[in-house]
Amino acid sequence: MAERTPGISAAAVTDIADGDALGPLKDREQVARRLLESSARHSFDPDTELDWDAPPEEGKWYWPPELVSLYGTPLWRRMTEEQRFELARHEAASLASLGIWFEIILMQLLVRHIYDKPVTSAHVRYALTEIADECRHSKMFARLIERSGAPTYPVPRLHHNLARILKTVSTTPGSFACTLLGEEILDYMQRLTFPDERVQTLMRGVTRIHVVEEARHVRYAREELRRQMRSCPRWEAELTRVTCGEAARVFSVAFVNPAVYTNVGLDRGEAVAQVRASGHRRDVMQAGARRLTDFLEEIGVLRGVGRRLWRSSGLLA
């Protein structure tokens, strides 16, 4: 049975009275209770929800062609249809690999966030619920890679080790800003994928589950980032702007592992150069980031050096 939301305390009224460009902040405990209620109604077990034994469907994509990195480039036009299908399959595996890497980082950041907080609070209980969601998502992505027949695509060693530093030194607002960076762009692409009947049924099922459950994670991170940017010291807000911008730059580089091009018989250097020059690809990535960059603009994250780093990432229109 869903837990009943209690009346707002005097402390919460004071909290709600504080706000930013988006208006009054919401009570942290009320937000968490609503998210817990949503989790109770709309959570999925991918092991039983999806048909993992069904064979791949002939003539169906693993990723919508318009979202494949080379779509619309001169190289794409020279590729055979078989190569295009293969590239989509390998890019789907690359994105799933990136998702696992990112979610493992996120789980560690969430554990750090709640370490000193009241263990019986709804805020902490929801964080633990989200960690459980991310565990299921990581296992789901790993199983998807295996079923697709494509290899795993780990991020470059440099980015892997940079994440070790991030997990150690990230501020609380920096952690939530990086969380949103990883969640919202993939969410945009997955919302285009799960209703697309050209795409493999298994992939559509995976993206549907991820979209439904990630919507709660985005809400939690947005509410907490707004609160943190209002209350943190000036040095922490400035550090958050810089680290978020640097994370955007790394994320844009690591989004698709260039080994996918080699594995489908393309020249890696030529493929990477054409992706960087592609207006279509730039538009796709900026469209995926737009809701996030609008939000970060409103709460004061996109300023100074951080804004310049976002510009250099190519994600900021």
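Structure's up top.
Cut-off values and rules
- Residues numbered from 1 in each chain as written.
- Predicted model: local features only at pLDDT ≥ 70, side-chain atom pairs only at ≥ 80, totals over all residues.
- Heavy atoms only, no water.
- Salt bridge = Lys/Arg side-chain N within 4 Å of Asp/Glu carboxyl O.
- Helix = DSSP H or I, 4+ residues; strand = E, 2+ residues; numbered from the N terminus.
- Buried < 20%, exposed > 50% of the residue type's maximum accessible area, 1.4 Å probe, protein only.
- Axes fitted to C-alpha atoms, helices over the stretch in contact; angles between N-to-C directions.
- Parallel < 35°, antiparallel > 145°, perpendicular 65-115°, else oblique.
- Left-handed = near helix turned anticlockwise from the far one by under 90°.
- Contact = heavy atoms within 4.5 Å.
- Polar contact = N/O pair within 3.5 Å; in protein donor to acceptor, adjacent residues only side chain to side chain.
- Phe/Tyr/Trp six-rings, centres within 6.5 Å; stacked < 30°, edge-to-face > 60°.
- Core = buried A, V, L, I, M, F, W, Y, C linked by side-chain atoms within 4.5 Å.
- 1 Å grid on protein atoms, 1.4 Å probe; cavity = no way out; pocket = protein on both sides within 12 Å on 5 of 7 lines; lining within 4 Å.
- Points joined across faces, edges and corners; volume = space filled by probe spheres on them.
- Nonpolar A, V, L, I, M, F, W, Y, C, P; charged D, E, K, R; others polar.
- Patch = residues over 30% accessible without salt bridge, like charges linked within 9 Å, V, L, I, M, F, W, Y side chains within 5 Å.
- Areas by Shrake-Rupley, 256 points an atom, 1.4 Å probe, with all protein chains shown as cover.

S.K.: What is the right way to read the pattern of salt bridges from this model?
M.R.: Oppositely charged side chains may form a pair once their charged atoms are brought near each other. Summed over the entire model, instances satisfying the criterion amount to 20 salt bridges. The partner of R143 in a salt bridge is D47, and the shortest N-O contact between them spans 2.9 Å. One end of the pair, R143, is in helix α6 (residues 122-148); the other, D47, is in helix α3 (residues 46-49), and 96 residues separate them in sequence. The class of R143 is partly exposed, set by a relative accessible area of 29%. Two residues, R198 and D196, come together in a salt bridge whose shortest N-O distance is 2.8 Å. Judged by its relative accessible area of 13%, D196 is buried.

S.K.: Help me understand the packing of helix α8 (residues 172-193) against helix α13 (residues 279-298), please; the structure alone is not making it clear to me.
M.R.: The angle between the axes and the distance between the axes are what describe a pair of packed helices. Close contact between α8 and α13 brings their axes to 9 Å; oriented N to C, the two are set at 130 degrees. Here α8 lies oblique to α13, going by the angle between them. For the crossing formed where α8 meets α13, the hand is right-handed. In this structure, α8 uses L180, L181, E184, I185, Y188 and M189 to contact α13, whose residues at the interface are R281, V284, M285, A287, G288, A289, R291, L292 and F295.

S.K.: What exactly am I supposed to notice about the environment of K167 here?
M.R.: Along the chain, the position of K167 falls in helix α7 (residues 157-169). In this structure, the C-alpha to C-alpha distance between K167 and E130, residues 37 residues apart in sequence, is 18 Å. Once residues lying within four places of it in the same chain are set aside, the contact partners of K167 are I105, Q108, L109 and R112. A polar side-chain atom of K167 sits 3.5 Å from a polar atom in the side chain of Q108.

S.K.: Mind showing me how you'd approach the packing of aromatic side chains here?
M.R.: Note on aromatic pairs: each is described by the distance of the centres and the angle between the planes. In this structure the tally under the stated criterion is six aromatic pairs. Considering the side-chain rings of W61 and W76, the 6.4 Å spacing of their centres and the 20 degrees angle between planes classify their relative orientation as stacked. Residue W61 is found in the loop between α3 and α4 (74-78), and its partner W76 is found in helix α4; the two are separated by 15 residues along the sequence. Across this residue pair, the class does not change: W61 and W76 are buried. Arranged with centres 4.9 Å apart and planes meeting at 50 degrees, the rings of Y126 and Y220 form a pair that is tilted.

S.K.: Would you take a moment to explain the nonpolar core for this structure?
M.R.: The nonpolar side chains of soluble globular proteins are, as a tendency, buried together. The biggest cluster of nonpolar side chains holds 91 residues, and the ones touching the most others in it are L70, F255, L296 and W310. Ranked by the residues each element gives to this core, the list is headed by helix α5 (residues 81-114), at 16 residues. Among residues more than four places away in sequence, those in contact with L296 are L225, C244, V301, L302 and W310.

S.K.: Whenever I open this one, the layout of surface pockets confuses me. Can you help?
M.R.: Any empty space left between atoms is shown by rolling a water-sized probe over those atoms. In this structure, the largest pocket spans a volume of roughly 670 Å³. The greatest single-element share of the lining of the largest pocket, amounting to four residues, is contributed by helix α10 (residues 234-254). In terms of residue class, the lining of the largest pocket is made up of 15 nonpolar, nine polar and four charged. Roughly 470 Å³ of internal volume is contained in the second largest pocket. As for the second largest pocket, its lining consists of 22 residues, and the residues nearest its centre are L162, L166, C178, T243 and A247. Taken together, the elements giving at least two residues each to the lining of the second largest pocket come down to α5, α7, α8 and α10. Of the residues assigned to the lining of the second largest pocket, the class counts are 15 nonpolar, six polar and one charged.

S.K.: When you look at the packing of α5 against helix α9 (residues 201-231) in this model, what are you seeing that I'm missing?
M.R.: With their axes 13 Å apart at the nearest point, α5 and α9 run at an angle of 35 degrees to one another. For the element pair α5 and α9, the recorded crossing hand is left-handed. Together, A92, E103, L110 and H113 of α5 and M203, H210, E214, Y220, E224 and Q228 of α9 make up the contact between the two elements.

S.K.: Can you walk me through a nonpolar patch on the surface in this structure?
M.R.: The grouping of L158, L162, I165 and V169 at the surface amounts to a nonpolar patch, some 380 Å² of accessible area in total. Examined against the element boundaries, I165 turns out to sit in helix α7.

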